[in-house]
Amino acid sequence: MNITEPKYPPKIIVTGDLIKSGLYICIPENINKVKIDDKTKDVALFTAENVYNTSSAVPELRIYEVGARDGLQNESKFVPTDIKIELIHKLAAAGIKNIESASFVSPKWVEQMSDGTEVMKNLKRTSGVNYPVLIPNLKGYETAKKCNIEEIAIFPAGSEGFSQKNLNCSVEEGLKRFKLVADQAVKDGIRVRGYVSCVLGCPYDGPISPKTIARITEELFSMGCYEVSLGDTIGVGTAGSVRKLMKEIVAVTTPDKLALHFHDTYGQGLSNLLAGLEFGIKTVDSSISGLGGCPFARGASGNLATEDLVYFLYGLGVNTNVDLVKLVEAGRYISNFLAKPPASKVNLALGDRFKNHEDIIKMAACTV
Ligand SMILES: CC(C)(COP(=O)([O-])OP(=O)([O-])OC[C@H]1O[C@@H](n2cnc3c(N)ncnc32)[C@H](O)[C@@H]1OP(=O)([O-])[O-])[C@@H](O)C(=O)NCCC(=O)NCCSC(=O)C[C@@](C)(O)CC(=O)[O-]
């Protein structure tokens, strides 16, 4: 085979397992560069433009639901504890396996999340479901630990401006504080997930260098995080900027340890995700009915909606094991409480037309 230099950056790495799984195909006439280790068939380099997700044999994608935390923290009306808990129960009943359920931040900063202890203590936990909580400092960690938690999330900022507004300290000071939390959690046998926020732009500092995000990501892994979620906090990312970022991040870690967390402010959530999938991302954060935002990030709006994500993934043939009929019901439940329509197009479009989840999957994948 003639190998020519690629015309377009970025290259992406597709591992042997993914090639065998049929996740990726390469359109031969567009190949700019292909290099496969003949012995192991382990690594192929393609330019991103050459790679298409065929998905028929795609492994499951892990959905990490943030509606009960990232979603509700941004609501002006206080959502009572029993409504939060019922939402979490409905999400679990729909088949969601990772549900970020509360945060233990200062109630002076985010009153909406001030009932974290009550939420976590009164939740009926479904076996096999993970209920992580967001932790800003040791004080929050100590409170959360009394609630029988198994996983926490720490959240340094990717930019100075947002760090000051969200955590009242510099990025470096934030990392030091989060290290104290992570050290304690690791000692206690509690899993630690890391977020980096403002990875594709900051409302105060503007564009952020992917190298800065890569450095913070590495630091989070060195603290013991099992996964780092890259947060486009204000939703300014595009498929192009996601590719630039991913190229830098996969130089410091492997894509199976990363999650993507897109706010959908500019309507780019799903196309951004597709750009991430090209790099082999296995975990995606989303929020029921597109709730979400951060009170300290000017201009931030809701997250990529879980209903939209699941429909999109079923269209690709990715089995999420989530029942879309029940998911839509969960979205309606919280939207009705908040007295506003779901910010999920799929939720609105499906309406009450489908009683059977299988019919929705057939439509999403256009299976005759
Ligand atoms: C970090 C702090 C606490 C610093 O806030 P501070 O004011 O600098 O903290 P402090 O240590 O000076 O304490 C001030 C007061 O708060 C209390 N306090 C202090 N900590 C706690 C605690 N854990 N639980 C309960 N109380 C606490 C503390 O005891 C004291 O009480 P006082 O003596 O005045 O009575 C504050 O800035 C904070 O809570 N920030 C969190 C803001 C937040 O929740 N933002 C939204 C989440 S981030 C996000 O949404 C982005 C993400 C993760 O989703 C990713 C993405 O979208 O890209």
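Computed from a predicted structure; not experimentally measured.

Along the backbone of the protein chain there are 14 helices and 13 strands. By the burial criterion, 54% of the 368 residues in the protein chain qualify as buried. Sequence-distant contacts, at least 24 apart, represent 76% of the contacts inside the protein chain between residues at least 6 apart. Per element, the accessible surface of the protein chain, about 15900 Å² overall, is 53% carbon and sulfur.

Lining the immediate environment of the ligand, one finds 27 residues, of which Gln73, Lys108, Asn166, Asn168 and Thr233 sit closest. Here an oxygen atom of the ligand and a side-chain polar atom of Arg69 are 2.9 Å apart. Ser106 has a polar backbone atom sitting 3.0 Å from an oxygen atom of the ligand. Bound to the protein, the ligand loses 75% of the 1100 Å² it would expose on its own. With respect to the detected pockets, the ligand is housed in the largest pocket. Those elements giving two or more residues to the shell around the ligand turn out to be α2 (67-71), α5 (138-145) and α6 (160-167). A breakdown of the residues in the shell around the ligand according to their chemical character gives twelve nonpolar, eleven polar and four charged.

Looking now at unusual backbone geometry. Leaving glycine out, the prevailing phi sign among residues is negative, and the prevailing peptide bond configuration is trans. Positive phi, normally seen in glycine, also occurs at Asn148, with a value near 60°. Looking at where Asn148 falls in the secondary structure, it is placed in the loop between α5 and β9 (151-154). Overall, the relative accessible area of 58% leaves Asn148 in the exposed class. Positive phi, close to 55°, is recorded for Ala339, a residue that is not glycine.

As a further point, take helix α3 (residues 81-93). With 13 residues, α3 should reach 18 Å at 1.5 Å per residue; the first-to-last C-alpha distance of 18 Å fits that figure. For α3, the full list of buried residues reads Ile83, Lys84, Ile85, Leu87, Ile88, Leu91 and Ala92. Of the surrounding secondary structure, the elements contacted by the buried residues of α3 are β5 (62-65), α2, β6 (98-99), α4 (116-122) and α12 (324-338). Gly95 occupies a position one or two residues after α3 and carries a positive phi of about 105°.

A few words now on the pairing of strand β13 (residues 283-286). Judged by which residues are buried, β13 turns out to be covered on both faces: Thr283 and Asp285 on one side and Val284 and Ser286 on the other are all buried. As paired elements, β5 and β13 share four bridges and run parallel to each other. Each bridged residue has a counterpart across the sheet, and for Ile63 the counterpart in β13 is Val284. In this sheet, β13 lies alongside strand β12 (residues 258-262) in parallel orientation, the contact comprising three bridges. Its bridge partner being in β13, His261 is matched across the sheet by Asp285. For the handedness criterion, the β-α-β arrangement of β12, helix α10 (residues 269-277) and β13 is classed as right-handed.

A few words now on the layout of surface pockets. Rolled over the atoms, a probe with the dimensions of a water molecule shows which regions are left empty. What the largest pocket holds in volume is close to 710 Å³. Lining the largest pocket are 36 residues, with Phe104, Val105, Ser106, Pro136 and Phe155 sitting closest to its centre.

Below, the discussion takes up the packing of aromatic side chains. Counted by the stated rule, this structure contains two aromatic pairs. Relative to Phe178, the ring of Phe155 lies with its centre 5.3 Å away and its plane at 50°, an arrangement referred to as tilted. You can see Phe155 sitting in the loop between β9 and α6 and its partner Phe178 sitting in helix α7 (residues 171-188), a full 23 residues away along the chain. For Phe155, a relative accessible area of 11% translates into the label buried. Directly above the aromatic system of Tyr64 lies the positively charged group of Arg193, at a separation of 3.4 Å from the ring centroid. Across the ring face of Phe221, the terminal group of Lys257 is positioned such that the distance to the ring centre comes to 5.8 Å.

So, on to the packing of α10 against helix α11 (residues 306-315). Closest axis-to-axis distance for the α10/α11 pair is 11 Å, and the angle between their directions is 50°. Considering the angle they form, α10 stands oblique to α11. In this structure, α10 crosses over α11, and the sense of that crossing is right-handed. On α11, the residues touching Leu270, Leu273, Leu274 and Leu277 of α10 are Asp308, Leu309 and Phe312.

Time to look at the sheet that holds β13. Within the open sheet, the nine strands sit side by side as β6-β5-β13-β12-β11-β10-β9-β8-β7. Their pairing is parallel. A single partner strand is all that each edge strand has here, and the edge strands are β6 and β7 (102-103). Together, β5 and β13 form the strand contacts of α11, whose direction differs from that of β5 by roughly 175°.

Further remarks concern the environment of Ala68. Of note, Ala68 is situated in helix α2. Residue Ala68 is classed as buried on the basis of its relative accessible area of 1%. The sequence separation of Ala68 and Leu91 amounts to 23 residues, and the corresponding C-alpha distance is 9.6 Å. Here Ala68 is in contact with Leu87, Ile88, Glu100, Ser101 and Met113, once residues within four sequence places are set aside.

Here we come to helix α8 (residues 210-222). The end-to-end C-alpha distance of α8, which contains 13 residues, comes to 18 Å, matching closely the 18 Å that a straight helix rising 1.5 Å per residue would cover. Along α8, the residues classified as buried are Ile213, Ala214, Ile216, Thr217, Leu220 and Phe221. Along the axis of α8, the buried positions cluster into a sector of 165°, meaning they face one direction only. Summarising the geometry of α8, the exposed residues directed more than 90 degrees from the buried face are Lys211 and Ser222.

Here is what the cut-offs are and how they apply
- Residues numbered from 1 in each chain as written.
- Predicted model: local features only at pLDDT ≥ 70, side-chain atom pairs only at ≥ 80, totals over all residues.
- Heavy atoms only, no water.
- Helix = DSSP H or I, 4+ residues; strand = E, 2+ residues; numbered from the N terminus.
- Buried < 20%, exposed > 50% of the residue type's maximum accessible area, 1.4 Å probe, protein only.
- Contact = heavy atoms within 4.5 Å.
- Areas by Shrake-Rupley, 256 points an atom, 1.4 Å probe, with all protein chains shown as cover.
- Near = heavy atom within 4 Å.
- Polar contact = N/O pair within 3.5 Å; in protein donor to acceptor, adjacent residues only side chain to side chain.
- 1 Å grid on protein atoms, 1.4 Å probe; cavity = no way out; pocket = protein on both sides within 12 Å on 5 of 7 lines; lining within 4 Å.
- Sits in = over half its atoms within 2 Å of the grid points.
- Nonpolar A, V, L, I, M, F, W, Y, C, P; charged D, E, K, R; others polar.
- Expected span 1.5 Å × (residues − 1).
- Pairing = 2+ DSSP bridges.
- Right-handed = clockwise from strand over helix to strand, strands pointing away.
- Points joined across faces, edges and corners; volume = space filled by probe spheres on them.
- Phe/Tyr/Trp six-rings, centres within 6.5 Å; stacked < 30°, edge-to-face > 60°.
- Lys NZ or Arg CZ within 6 Å of the ring centre and 35° of its normal.
- Axes fitted to C-alpha atoms, helices over the stretch in contact; angles between N-to-C directions.
- Parallel < 35°, antiparallel > 145°, perpendicular 65-115°, else oblique.
- Left-handed = near helix turned anticlockwise from the far one by under 90°.
- Arc of directions from axis to C-beta.

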